[in-house]
Amino acid sequence: MGINLKELSKQEDFFTSGHRACAGCGPAIALRQALLVAGKDTVVSFSTGCMEVVSTIFPYTAWKVPYIHSLFENSAATMSGVEAAYNALKRKGKIKKDINLIAFGGDGGTYDIGLQALSGAMERGHNMLYICYDNQAYMNTGIQRSGATPYGASTTTSPSGKVIPGKTRRRKDLTEIMAAHNIPYAAQASISDWRDYMTKVEKARSIKGPKFIVVFAPCQLGWYYKKEDTIKIADMAVKSRFWPLYEVENGVHKITKDPKKVIPVEDWLKLQGRFRHLFKGENKKIIEEIQREVDMRWERLKKLEEAGL
Amino acid sequence: MRKVLMGNHALSYGAKVSRAQVISAYPITPQTEVVELLSKMCASGELKAKFIKVESEHSAMAALIGASSVGVRTFTATSAQGLAHMHEMLHWAAGARTPVVMGNINRAFAPPWSVWTEQNDSLSQRDTGWMQIYAQNNQEVLDSVIQAYKVAESLDLPAMVILAAFVLSHTSETVEIPGQEKVDEFLPPYERKYKIDPDEPHAFGGLTDPDNYFELRYKIQKAMEEALEKWEEAGEEFESIFGRKYGLLETYKVSDAKSLIVSSSTIASTARNAVDRLREKGEKVGLLRIRVFRPFPAEKIRGILSSVGKAIVIDRNIGFGASGIFYQEIKAAMYNEEQKPPIFGVVTGLGGRDVSSKDIIEIYQDVIRREEPKSDIIWKGLKL
């Protein structure tokens, strides 16, 4: 399938309207884009979270493909069983076609509580794609900090106060953790760069074995920005190099978008209420620290790419 | 074919002849031989199943819920801490109406760290919506796996076949392994009504509001009630094909008994020997073994216990702050009966301490002297 607007406009949506997501929801866009590529013969498993809740409420479903949710920490494990079952049925000749298996999880269900199940599934080599929609906190339960919440961000469990200026720890680098599983494909994408993201989904689909994509999907409710700015916020994360778009194919890093005009990370931070406290007094040095880290990570990524690693 | 098998291998053969299609398990003492033999069978091609070697028991059950939702037959085995780790998923398996069958080796919980037998692990899962079958020998372990699939798949309820750590799991006995053709006759392939199928998409596990949830719980209870009959039917059909008889309960020398010993698992089989020895001494005593604990065969139990003079329930488990768990259930089942015996509760053998025929005789002789139960627990074999 060609990833272009002309082709895409002809595609049927399998994550459909009628879901109960907020206006300006980034994750809902991430699901729709992935399903436009994956198509009809797809099975989706889901970890507990915003997108699980908003796409269901029994007896309704926003999915036009089979969907299974079974708890928070086990989207990857559940899909392992689905894959094994299809293999068992294939061996008996009961099903013939290839089915895309996509396990979804939010950052809480992936970076944190589901990391073990994801790691196990990737190590075992199941033929599935895991997509983490990353909105950098536990949004379903009301904006609590997760392993994906960036340094300095204020959440309901890492609130900025007089003594503690928001989250004091760095976020995990999940893409590198997944790449370290020596899986054939791990990638980082953003809903703002739909062609890049969907090309990655398409590429992952064509590769046999375990694949992983983490897609940057801003949350207007939890990040405190204007809801019409979701794509802009995602775009600025890429342009500031806070969220580099790259892939690791068979262990080799490749940057898939090198922003032509790089913007200071401060420009991106200041549009979001979760970083508002960083612009006051002493906390301003945290912005410098964030910029230093963004630059350092980008340099590291460039070096890996240049070295063919 | 007759073979000398340890209880663990009886579980593996049970899964094999039942043609389990997806197996997912994580090793834990004293369960490991179950999955080792199944792995070997898969490696040799003797068993055509997909074996997922998961990274935890939690994922083992998650994977089976996924597989079962596609509509294939699934199996796992675990014990104690592993079962507790699975606990969240046990509720899910029952709620999702996936007829997963698993073996659980009854092992005591830690701390104190223990690998020996006790029933608190499986009994802590009492209210998860799993059927529970307590086997007394290795033949029953194997046969119960086959029957468990039959009943589980007819009602879409999961089932747990339970055996005592070491006393059965690592004890070798002669076991008849039923021929495949006969098993196929008894157990047709699993057909799931609603499954994960891209040609007919459904959503599973959606948020369910108070307007819908209640009825779905009611249906689980109704299926459990129906299961009582299904276990008896399965037992009868099993007997007609394989010649071995199984029911919800087993009675031994009850017709003229004035007192009954009530127990489960291997303590019940030891108690049979104790009954014989007591009978030799002229004691009118019999045995009631609870084989199927969930669904609880309360009506059947009432039918047997209401006419006896005394009932002695022996528990290798304890509901802390209350009493032995079988004792609680049996007492509750009898409460509304007009005619009921005094029921004595004995707690013994925790953490795998041996319970011999002599111990059971002593329990009987002690209880028979008592007029009425003064407390809910009579401790036996306690060293203080």
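Residues take numbers from 1 onward in each chain, read along the sequence in its written order. A letter from A marks each chain and a number from 1 marks each ligand, given out in the order of writing. Only residues with pLDDT of at least 70 get local features here, since the model is predicted, and only at 80 or more are side-chain atom pairs given and counted; chain-wide, interface and lining totals rely on the full set of residues. The basis for every side-chain value is the complete set of non-hydrogen atoms in the structure, without hydrogens or water.

**Structural notes on the packing of helix 6 (residues 138–155) of chain B against helix 8 (residues 210–242) of chain B**
All names here are of chain B.
And then number 1: Viewed as axis vectors pointing N to C, helix 6 and helix 8 meet at an angle of 135°, and their least axial separation amounts to 9 Å. Looking at the two axes, helix 6 sits oblique to helix 8. Remark: the crossing between helix 6 and helix 8 carries right-handed chirality. Side by side, helix 6 and helix 8 meet where Asp143, Ser144, Ile146, Gln147, Ala148, Lys150, Val151, Ser154 and Leu155 of the first sit next to Ala223, Glu226, Ala227, Lys230, Trp231, Ala234, Glu237 and Phe238 of the second.
And then number 2: Among the residues forming the contact of helix 6 with helix 8, the class breakdown is 9 nonpolar, 3 polar and 5 charged. Angular values range over 0 to 180 degrees, each being the angle between N-to-C directions of two axes fitted as lines to C-alpha atoms, with helices fitted over their stretch in contact. Put simply, DSSP H or I for four residues or longer makes a helix, DSSP E for two residues or longer makes a strand, and each gets a number counted from the N terminus. Should an angle fall under 35 degrees it is called roughly parallel, over 145 degrees roughly antiparallel, and 65 to 115 degrees roughly perpendicular, with every other angle called oblique. Two helices cross in a left-handed way if the nearer one is turned anticlockwise from the farther one by less than a right angle. They cross in a right-handed way if the turn is clockwise. For this analysis, residues touch if any pair of their heavy atoms sits within 4.5 Å. Nonpolar residues are Ala, Val, Leu, Ile, Met, Phe, Trp, Tyr, Cys and Pro. Charged residues are Asp, Glu, Lys and Arg, and all others, Gly as well, are polar.

**Structural notes on the packing of helix 4 (residues 75–91) of chain A against helix 6 (residues 115–124) of chain A**
Any two packed helices are characterised by how steeply their axes cross, that is the angle between the axes, and by the distance between the axes.
All names here are of chain A.
And then number 1: It is the contact of helix 4 with helix 6, at a shortest axis distance of 7 Å, that shows an interaxial angle of 35°. From helix 4, Ala76, Ala77 and Ser80 reach across to helix 6, where they touch Ala117, Leu118, Ala121 and Arg124.
And then number 2: Class assignment of the residues belonging to the contact of helix 4 with helix 6 gives a composition of 5 nonpolar, 1 polar and 1 charged.

**Focus on the interface of chain B and chain A**
And then number 1: Listed per partner, the contact involves 36 residues of chain B and 41 residues of chain A.
And then number 2: The term buried area means the drop in 1.4 Å probe accessible area that two parts suffer when joined, counted for both and summed. Summing both sides of the interface, chain B and chain A together bury roughly 3,100 Å²; the carbon and sulfur share of this comes to 64%.
And then number 3: By definition here, a salt bridge exists when the distance from a side-chain nitrogen of Lys or Arg to a carboxyl oxygen of Asp or Glu is within 4 Å. Connecting chain B to chain A are 3 salt bridges.
And then number 4: Between Glu55 of chain B and Arg124 of chain A there is a salt bridge; the shortest N-O distance is 2.9 Å.
And then number 5: For the purposes of these results, a polar contact is taken to be a pair of N or O atoms within 3.5 Å, where, inside protein, one atom must be able to donate a hydrogen and its partner to accept one; residues adjacent in sequence count only when each atom of the pair is a side-chain atom. Where chain B packs against chain A, one counts 14 residue pairs in polar contact (both at pLDDT 80 or more).
And then number 6: When residues of the side of chain B that touches chain A are traced back to their parent elements, those giving at least two are strand 3 (50–53), helix 3 (57–70), helix 4 (80–95) and strand 9 (203–204) of chain B.
And then number 7: Taken together, the residues of the side of chain B that touches chain A sort by class into 18 nonpolar, 11 polar and 7 charged.
And then number 8: Strands qualify as paired when DSSP identifies two bridges or more between them. In terms of strand pairing, strand 2 (residues 67–69) of chain A meets strand 9 of chain B through 2 bridges, oriented parallel. Across the sheet, Tyr67 of chain A pairs through a bridge with Ala203 of chain B, a residue of strand 9 of chain B.

**Things to note about unusual backbone geometry**
With glycine set apart, most residues show a phi of negative sign, and most peptide bonds adopt trans.
And then number 1: Put simply, Phe58 of chain A and Pro59 of chain A share a cis peptide bond, and its omega is 10°.
And then number 2: Turning to its location among the elements, Pro59 of chain A is positioned in the loop between helix 3 (50–54) and strand 2.
And then number 3: In this model, Arg294 of chain B is joined to Pro295 of chain B through a cis peptide bond whose omega is 0°.
And then number 4: In the Ramachandran plot, Ile57 of chain A falls in the positive-phi region, its phi being about 75° despite a non-glycine side chain.
And then number 5: Counting through the fold element by element, Ile57 of chain A comes out in the loop between helix 3 and strand 2.
And then number 6: Residues other than glycine seldom take positive phi values, yet Arg19 of chain B does so here, at roughly 60°.
And then number 7: By the element assignment, Arg19 of chain B lies in the loop between helix 1 (7–17) and strand 2 (22–25).
And then number 8: With relative accessibility at 44%, the residue Arg19 of chain B sits in the partly exposed group. Here the term buried applies to any residue with accessible area under 20% of the maximum for its type, exposed to any over 50%, and partly exposed to those in between, with areas from a 1.4 Å probe on protein chains only.

**Quick look at the sheet that holds strand 4 (residues 74–79) of chain B**
Residues and elements named next belong to chain B.
And then number 1: An order of 3-2-4-5-7-6-13 is seen for the 7 strands of this open sheet, with the pairing classed as mixed. With one partner strand each, in any of the chains shown, strand 3 and strand 13 (292–294) form the two edges of the open sheet. Across the sheet, the axes of successive neighbouring strands diverge by a mean angle of 20°, strand direction being ignored.
And then number 2: For strand 2 and strand 4, the ladder comprises 2 bridges, and the chain directions are parallel. Looking at the pairing, Val22 lines up with Thr74 of strand 4.
And then number 3: Seen against the sheet, helix 6 touches strand 4, strand 5 (101–106), strand 6 (131–134) and strand 7 (159–164) and runs at an angle of roughly 165° to strand 7.

**Examining the nonpolar core**
And then number 1: Within the largest apolar cluster, 208 residues are counted, with the highest numbers of intra-cluster contacts made by Trp268 of chain A together with Phe75 of chain B.
And then number 2: What Trp268 of chain A contacts, discounting residues up to four positions off in sequence, is Phe216, Trp223, Ile233, Met236, Ala237, Ser240, Phe242, Arg274 and Phe275 of chain A.
And then number 3: Residues enter a nonpolar core if they are buried and are Ala, Val, Leu, Ile, Met, Phe, Trp, Tyr or Cys, with the set joined through side-chain atoms within 4.5 Å. Formed by 19 residues, the second largest nonpolar core is a distinct cluster that contains Ala274, Leu287, Ile314 and Val346 of chain B.

**Points about a nonpolar patch on the surface**
And then number 1: A cluster of nonpolar side chains, Trp379, Leu382 and Leu384 of chain B, forms an exposed patch at the surface whose accessible area comes to about 410 Å².
And then number 2: In this structure, Trp379 of chain B sits in strand 16 (residues 378–380). Excluding any residue in a salt bridge, patches collect residues exceeding 30% relative accessible area, merging like charges within 9 Å and nonpolar Val, Leu, Ile, Met, Phe, Trp and Tyr side chains within 5 Å. For accessible areas, the Shrake-Rupley method is used with a probe of radius 1.4 Å. Any residue's cover is judged against the shown protein chains and nothing else.

**Considerations on helix 1 of chain B**
Residue and element names in this part refer to chain B.
And then number 1: Taking burial as the measure, the 11 residues of helix 1 include 10 buried ones, the bulk of the element.
And then number 2: The set of residues buried in helix 1 consists of Gly7, Asn8, Ala10, Leu11, Ser12, Tyr13, Gly14, Ala15, Lys16 and Val17.
And then number 3: Looking one or two residues beyond helix 1, the residue adopting positive phi is Arg19, at roughly 60°.

**Let's talk about a negative patch on the surface**
And then number 1: Working convention for charge: Lys and Arg count positive, Asp and Glu count negative, and His plus the chain ends are omitted. For charged residues, the charge sits on one atom: NZ in Lys, CZ in Arg, CG in Asp, CD in Glu. Together, Glu226, Glu229, Glu233 and Glu236 of chain B make up a negatively charged patch on the protein surface.
And then number 2: When you line up the elements, Glu226 of chain B lands in helix 8.

**Structural notes on the domain arrangement of chain B**
All names here are of chain B.
And then number 1: Per the domain assignment, the segments making up chain B are domain 1 (2–242) and domain 2 (250–379).
And then number 2: Start and end points for every domain follow an automatic or database-based domain assignment. In this structure, domain 1 and domain 2 have C-alpha centres spaced 28 Å apart.
And then number 3: In this complex, domain 1 contributes 28 residues to the contact, which on the side of domain 2 involves 26 residues.
And then number 4: Carbon and sulfur atoms supply 53% of the area that domain 1 and domain 2 bury against each other, a total of about 2,200 Å² over both sides.

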